Amino acid sequence: MVVRNSPLPRMSRRGRATIGVLIGVFVLFTLLGWGVDAWTDWLWFDEVDKTQVFTGVLLTQLLLFVAVGAAMAVVIGANLYLAFRLRPLLRPPSAEQATLERYRMVLTPRVGTWIVVLSVIVGLFAGLSAQNHWQDWLLFRNSVPFGAEDPEFNIDISFYVFEYPFWRYVLGVGFTAVVLAVLGSLAVHYIFGGVRLQGIGDRMTTAARAHLTSLVAVFVLLKAVAYVLDRRALLLNYNSGTDLYGAGYADINALLPAKEILAYISIVVAIAIIVFSNAFMRNLTWPGVSLALLGISAASIGGIYPWAVQTFEVNPSIRDKEAQYIERSINATRDAFNISTGEVKEFESRTLTPPPTLAGDQSTVPNIRLLDPQLVSDTFTQLQQVRGFYDFGEKLDIDRYTVDGKSQDYVVGVREVNYSELTDQQSNWINRHTVYTHGYGLVAAPANRVECNGQPYFVSGFLTNAAPEQAQQQRQGCSSADEEIKVGQPRVYYGEQTRDVANDYAIVGSEAADKKREFDRPGSGADSYYTYTGEGGIPIGSLTRRLLFAIKNAETNFLLSDAVNENSRLMYERDPRSRVEKVAPFLTIDGDPYPAIVDDKIVWILDGYTTSATYPYAQRINLQTETQDATTNAGTFQLAREDVNYMRNSVKATVDAYDGTVTLYEFDGKDPVLKAWNKAFGGDLIKPKSEISPSLMEHLRYPVDMFKVQRNLLSKFHVTDPGGFFTGDDFWAVPNTPGQPENETPLRQPPYYLNTPLGGETAPTFQLTSALNPNGRQNLASIISGYYDANGEPKLQLLELPDSTTVLGPEQIFQRMTTEGNARTAISQLTADGKAQLKYGNLLSLPFGDGILYVQPIYVQGNNENAYPLLQRVLLSFGDGNYSVFANSITEGITQLVEAAAKGQPTTPPPGEQPGGGTPTPAPTGSATPTPAASSPPVTGGTLDQAAQKVQTAINEVRAAQQSGDFERYGRALTALDAAMKEWDAAQKAASTPSPAG
């Protein structure tokens, strides 16, 4: 008897036991970690009353893991076992077979075990991969119709959005399973002699050939299915000829029929492979020829033919050939991003001279925002900080409130604890997690008002308990005497300052009512302390809960510290954006959450977007790229790098700053994607829009990131004519931020919130606004605004300037305002001593009448460590920049503009003229440009002098009436000024008319 040695060394019993113990410990700790995470996640979702999300996602992932993993394991295992069963009993002797015999001896006794282990490993990885497609399955399972069809196949768009991604994934799983089955079966056949590289006779047994060719045939049949799906996918592909997405002329007329032909060829090839390799030829020659023909067909029919059509038929007349498909892309993009309902208005912008009505305006001018929320954050922090660990973040927010019956916009911020600013003594575990648990107050300041040498005028969020008279004395008139915007619960346990903090949890609740641990706020004498009384957080009074979270956070103080007691509650995931992302993982959350006082509570308001990347013919964009501007990562969050071609602002979410309650409200009741998600989670995850309270509705605003995407798309897709779109002559572009240092990379100008009238209206509307330039130029092309109408529906308005106008854009007007003689000198003087630096606020472009009013706040910030920006001057310009002033306030600047217009003396010479190069003659209101003196006859005569004197007298009366506060007198003065301007205009025209020859 011959004893054959195994090719593998045997392991000792102790070694096997050691490996077994190590594997057991690894599995135990892995399962323990997973169990702790799952349990604590359940408790967190139970706290916010959204357990249906936790169970829905978890069960779906388990279902996909088991279903796909089991299917993959069965396919692989069955084919490996079949390959083993089909092994030949006798093998021709050869050196190759002698070498393989050693491996056969190892595998044969435990071949079932080996097959099971390999199948389980493959199934495990397939199942883990399948878990990531839980969103595809839920949308597929809960599909709802769009009620609109694609323009080529007339199939409801729901197929592309809900079903196509899942079918494509299933097809990918099928390809992977077949390829692995072929490789595994080939290996088994080779080891056990079914496939041979040496020796006499056939290189493959009949059974092995039948098995492997059947698998190849299945692969080709799957390729036929892929060709069918590819026909639908043509409507999602990029068309390089038009720089748009969706099937073009060559795709529809050449590639689409080619895909159908290739699908039929694939079916024929699959049949040929099985028949010729097993029934007739019984070799691999004809199957190989069939596969080669399929490859050649794919290259010629699916590649060369469409290329020829594109090159020789489409490209010579691409504008006409692609017109129909360009129109499809335009319409689909406008529908997919909800820009098709935008209102377009022609805006002539004929008036280049400040009109007299500018001085008495009561809708636009009084609401001009001076405070830039990004610049004054440091000012808020320094003036309202009180303690060094309080912070307002890098950027504040704009909201509107009604105070004393008047609605206006305010710059608002929440006073939070910045944990990175705690001292070493304050940063120990007790202080960090049980003492400094919350911020205090929402601080607001009118956006159009400054006091005390350029400081914001604070009206809420005060820390002091002093009486109003005493408080006003303490504030030295720089703030209101009392809270003008009141809140019942000012404490902030959930805020943005915790987002990037490791272990951001807070432990609240005391064992006794009189034992207050939490620092509340500084007082005039001793500091105030507080004990949390709300329902936020997870109760951790029991030993089991304390042990659970001790393991999760790797912190023994949960078990040892007396700060953790039977009344303790644990708050974590305290950043509002993170909470909403966890509750609604199917939403993309806007990068700019903002706080508001709603129903006497501080809440964070967030905008949620439903998105898709498979809307037929719609333009595909990258969210991160399209929303990038000068404020990204400087107080706003950067969106993920996600490609989408459908986007809706379907959800408004709120997070209570005191107890962390997350509420999701439906905002777009027509969005099928949101309906599908709500259906997937039981139908009650999203509250209907009708449940949005009036007080919350008052603080909803047009979302920033949605507006940026729509603005960027409208820069092209406002053109609806296919021919005009193809030439691109009327495309626009977002201007760069004016005033950026030359050594910095240019960044797009952020949109800004205003509470001013829309174009053609008189009542103020809270809107998000941005200017647009013609593509490749810097003059103004359009002003786009996003707002909510009286019914709370989102609207877009485009004020489109005619191509014939040359109104200066933001970058040009900034350059002109800051380099004009007087302004340049005054700006230089602000920083002449080198101890301060200039900072420019938002450059606002405000339509007024038939012209554009530009406003540029100027801040000065010292160079010392604790310096903060203060508003010192305001640059104003009207029309084409010939009338620009550098003033101490808006009122002063408006008066100077009107006075200069009344005298016909532009403050800035037209381009090409130097200051002092001649006295300009007055230009009538509405003229294209002020007329230089050199091109006008001399102006003399008592009539014109008298008219000019009347204008000056009227202006003086307007200023006096404005200062007196007498509105009746103010109205009479404006009427007199208008009459004086008309008289002066007529006198100027008469004086400039040549006399008849004598």
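Below, the structure is looked at part by part.

What counts, and at which threshold
Residues numbered from 1 in each chain as written. Predicted model: local features only at pLDDT ≥ 70, side-chain atom pairs only at ≥ 80, totals over all residues. Heavy atoms only, no water. Axes fitted to C-alpha atoms, helices over the stretch in contact; angles between N-to-C directions. Helix = DSSP H or I, 4+ residues; strand = E, 2+ residues; numbered from the N terminus. Parallel < 35°, antiparallel > 145°, perpendicular 65-115°, else oblique. Contact = heavy atoms within 4.5 Å. Nonpolar A, V, L, I, M, F, W, Y, C, P; charged D, E, K, R; others polar. Buried < 20%, exposed > 50% of the residue type's maximum accessible area, 1.4 Å probe, protein only. Pairing = 2+ DSSP bridges. Polar contact = N/O pair within 3.5 Å; in protein donor to acceptor, adjacent residues only side chain to side chain. Disulfide = S-S within 2.5 Å. Salt bridge = Lys/Arg side-chain N within 4 Å of Asp/Glu carboxyl O.

### Re the packing of helix H2 (residues 51-85) against helix H5 (residues 134-141)
Move 1: Relative orientation of the contacting elements H2 and H5 amounts to 100°, with a least axis distance of 9 Å. If you check the angle between H2 and H5, you find them roughly perpendicular. Contacts from Val57, Thr60, Gln61, Leu63 and Leu64 of H2 reach H5 at Trp134, Trp137 and Leu138.
Move 2: For the contact of H2 with H5, the residue count by class is six nonpolar, two polar and no charged.

### Some thoughts on the pairing of strand E5 (residues 397-403)
Move 1: Counting buried positions along E5 yields six of seven residues, so the element is predominantly enclosed.
Move 2: Summarising the sheet, E5 and strand E6 (residues 406-414) pair through seven bridges and their orientation is antiparallel. Across the sheet, the residue bridging to Asp399 is Tyr410, located in E6.
Move 3: Hairpin connection of E5 to E6: two residues between the antiparallel strands, including Asp404 at a positive phi of 55°.

### Topic: the side chain of Asp629
Move 1: Mapped onto the elements of the fold, Asp629 is located in the loop between helix H19 (623-626) and strand E22 (643-644).
Move 2: Of note is the side chain of Asp629, whose polar atom sits 2.9 Å from the side chain of Lys708.
Move 3: Contact partners of Asp629, with chain neighbours within four places excluded, come to Lys708, Leu747, Arg748, Pro750 and Pro751.

### Describing the environment of Leu876
Move 1: One can find Leu876 in strand E33 (residues 870-878).
Move 2: Under the relative-accessibility criterion, Leu876 is labelled buried at 0%.
Move 3: In sequence terms Leu876 and Met817 are 59 residues apart; their C-alpha atoms lie 7.7 Å from each other.
Move 4: In this structure, Leu876 is in contact with Met817, Leu853, Tyr854, Val855, Tyr883, Ser884, Val885, Ile890, Gly893, Ile894 and Leu897, ignoring residues within four places of it in sequence.

### Looking at the state of the cysteines
Move 1: Going through the model one piece at a time under the given rule, you end up with one disulfide.
Move 2: A sulfur-sulfur separation of 1.9 Å characterises the disulfide bridge that pairs Cys452 with Cys478. Negative torsions about the S-S bond denote left-handed disulfides, and the value of about -105° found for Cys452 with Cys478 makes this one left-handed. Residue Cys452 is located in the loop between strand E10 (450-451) and strand E11 (455-456), and its partner Cys478 is located in the loop between helix H15 (468-475) and strand E12 (491-492); the two are separated by 26 residues in the primary sequence.
Move 3: Relative accessible area serves as the criterion here: at 11%, Cys478 is assigned to the buried category.

### Let's talk about the pattern of salt bridges
Move 1: Following the criterion strictly, the structure yields 30 salt bridges and no others.
Move 2: Here Arg328 ties to Glu152 by a salt bridge, and the two come within 3.0 Å at their closest N and O atoms. On the criterion of sequence distance, the pair formed by Arg328 in helix H11 (residues 323-336) and Glu152 in the loop between H5 and helix H6 (158-191) is long-range, its members being 176 residues apart.
Move 3: Taking the relative accessible area as the measure of exposure, Glu152 reaches 22% and is therefore partly exposed.
Move 4: The salt bridge partner of Asp243 is Lys716, with a shortest N-O separation of 3.9 Å. Separated by 473 residues along the polypeptide, Asp243 in the loop between strand E1 (238-239) and strand E2 (244-245) and Lys716 in helix H22 (residues 704-717) bring together distant segments of the chain.

All quantities given are derived from atomic positions and should not be read as evidence of function.
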